[in-house]
Amino acid sequence: MVMKTRTSVMLVIGACAAAMATAQETPELELEPWVVQTELQPGAIGLQHGAALDVSGDVAVVGRPGETGHEAVDVYLRVPLQASLDGPLWEWIPWCQLQPPESDTAIAFGSSVAVDGSTVVVGGFDHDQHGQNAGGVWVFELPESPPAVLIGDEMLVPEALRAGDYLGWDVAIDDGVI
């Protein structure tokens, strides 16, 4: 994902076991070599940390699916630092963690993520409440000062959800529309 702003370009790369945020001040798309400025570390065990990620403004969400009892989405906040000629003008800090309602089963929670402002959408395509692999999607509203962990207690359920639908395989949100 490449985010272009007036004075800089930010490239965010996700890969299982690593999620990185990179930013470099550049003139309009005349890019110089990229330099990794921040690596977003998982809040806990995170072998699949980085399987899905999205950024909206100063909020980054990174999925960590597939680990029974440890599935989650780590939320990071970008905060400004003092100006420096040698380093970034900001840093990403862990802000909170989003967790599924059932922590004892692997449901692929965090296999897809999307963020728009303070709204985060999380997919878990392996959720079986409505049939094997019917899937699930949870919506979180991030408060200004979130607790360390937010539990997803409400799932979006389409009327015709059935086994094998894999709801949550991919999620998106734009201007409040999921």
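Analysis parameters
- Residues numbered from 1 in each chain as written.
- Predicted model: local features only at pLDDT ≥ 70, side-chain atom pairs only at ≥ 80, totals over all residues.
- Heavy atoms only, no water.
- Helix = DSSP H or I, 4+ residues; strand = E, 2+ residues; numbered from the N terminus.
- Buried < 20%, exposed > 50% of the residue type's maximum accessible area, 1.4 Å probe, protein only.
- Contact = heavy atoms within 4.5 Å.
- Areas by Shrake-Rupley, 256 points an atom, 1.4 Å probe, with all protein chains shown as cover.
- pLDDT = per-residue confidence, 0-100.
- Patch = residues over 30% accessible without salt bridge, like charges linked within 9 Å, V, L, I, M, F, W, Y side chains within 5 Å.
- Salt bridge = Lys/Arg side-chain N within 4 Å of Asp/Glu carboxyl O.
- Phe/Tyr/Trp six-rings, centres within 6.5 Å; stacked < 30°, edge-to-face > 60°.
- Pairing = 2+ DSSP bridges.
- Core = buried A, V, L, I, M, F, W, Y, C linked by side-chain atoms within 4.5 Å.
- Axes fitted to C-alpha atoms, helices over the stretch in contact; angles between N-to-C directions.

Quick notes on the overall build of the protein chain
For step 1, the next point in the chain: Per the secondary structure count, the protein chain includes zero helices and 13 strands.
For step 2, the next point in the chain: The secondary structure elements of the protein chain, listed N-terminal to C-terminal, are β-β-β-β-β-β-β-β-β-β-β-β-β.
For step 3, the next point in the chain: Here the protein chain, with 178 residues, has 42% of them falling under the buried criterion.
For step 4, the next point in the chain: Counting contacts in the protein chain only where the partners sit at least 6 residues apart, residues at least 24 apart contribute 48% of the total.
For step 5, the next point in the chain: When the accessible surface of the protein chain is summed, it comes to about 9,500 Å², and 53% of that surface belongs to carbon and sulfur atoms.

Considerations on the confidence of the model for the protein chain
For step 1, the next point in the chain: Residues at a pLDDT of 70 or more form 71% of the protein chain, whose mean pLDDT is 77.
For step 2, the next point in the chain: Mean pLDDT across the secondary structure elements of the protein chain bottoms out at strand E1 (residues 2-4), with 43, and peaks at strand E9 (residues 112-116), with 95.
For step 3, the next point in the chain: Contacts from residues 1-7, a stretch scored under 50 in pLDDT, to residues over four places away or in other chains number 19 contacts.
For step 4, the next point in the chain: Low confidence marks residues 18-27, where pLDDT is under 50. Its contacts with residues over four positions away, or in another chain, come to 47 contacts.

Brief notes about a nonpolar patch on the surface
For step 1, the next point in the chain: A cluster of nonpolar side chains, namely Val139, Leu156 and Ile178, defines an oily patch on the protein surface of about 240 Å² accessible area.
For step 2, the next point in the chain: Along the chain, the position of isoleucine 178 falls in the segment after strand E13 (155-156).
For step 3, the next point in the chain: Here isoleucine 178 falls in the exposed class, since its relative accessible area comes to 52%.

Things to note about the packing of aromatic side chains
For step 1, the next point in the chain: By the definition in use, this model includes five aromatic pairs.
For step 2, the next point in the chain: Summarising the aromatic geometry, the rings of phenylalanine 125 and tyrosine 166 are spaced 6.1 Å apart at their centres and angled 45 degrees between planes, so their arrangement reads as tilted. Within this pair, whereas phenylalanine 125 is found in the loop between strand E10 (119-124) and strand E11 (136-141), its partner tyrosine 166 is found in the segment after E13, the two being separated by 41 residues in sequence.
For step 3, the next point in the chain: Judged by relative accessible area, which is 35%, tyrosine 166 ranks as partly exposed.
For step 4, the next point in the chain: Between tyrosine 166 and tryptophan 169, the ring centres sit 6.1 Å apart and the planes meet at 85 degrees, which makes this aromatic pair edge-to-face.
For step 5, the next point in the chain: A residue is classified by how much of its surface remains accessible, and tryptophan 169, at 55% relative accessible area, is exposed.
For step 6, the next point in the chain: Put simply, the rings of Phe109, Trp138 and Phe140 touch in pairs and so form one group of aromatic residues.

Regarding the pairing of E10
For step 1, the next point in the chain: Within E10, six of the six residues are buried, leaving the element largely enclosed by the surrounding structure.
For step 2, the next point in the chain: Neither face of E10 is open: one carries Thr119, Val121 and Gly123, the other Val120, Val122 and Gly124, and all of them are buried.
For step 3, the next point in the chain: With five bridges joining them, E9 and E10 adopt antiparallel strand pairing. Of the residues in E10, the one forming a bridge with serine 112 is glycine 123.
For step 4, the next point in the chain: Between E9 and E10, which follow one another and run antiparallel, lie two residues, and glycine 117 among them has a positive phi close to 65 degrees.

Looking at the nonpolar core
For step 1, the next point in the chain: Counting 18 residues, the largest nonpolar core has Val61, Leu98, Val120, Phe140 and Leu142 as its most contacted members.
For step 2, the next point in the chain: Elements with a contribution of two residues or more to this core: strand E6 (59-64), strand E7 (72-80), strand E8 (90-99), E9, E10 and E11.
For step 3, the next point in the chain: Beyond its immediate chain neighbours, meaning those up to four positions away, valine 120 contacts Val61, Leu98, Ala114, Val115, Trp138, Val139, Phe140 and Leu142.
For step 4, the next point in the chain: If you look at the next biggest cluster of nonpolar residues, it comprises eight residues, including Leu53, Val55, Tyr76 and Trp92.

As for the sheet that holds strand E5 (residues 52-56)
For step 1, the next point in the chain: Spatially, the five strands line up as an open sheet ordered E5-E6-E7-E8-E12, and their pairing is mixed. Edge strands, defined here as strands with exactly one partner in the open sheet, are E5 and strand E12 (149-151). The average angle at which neighbouring strand axes cross in this sheet is 25 degrees, direction not considered.
For step 2, the next point in the chain: Bridge analysis of E5 against E6 gives five bridges, and the strand direction is antiparallel. Each residue of the ladder has a partner; that of serine 56, found in E6, is valine 59.

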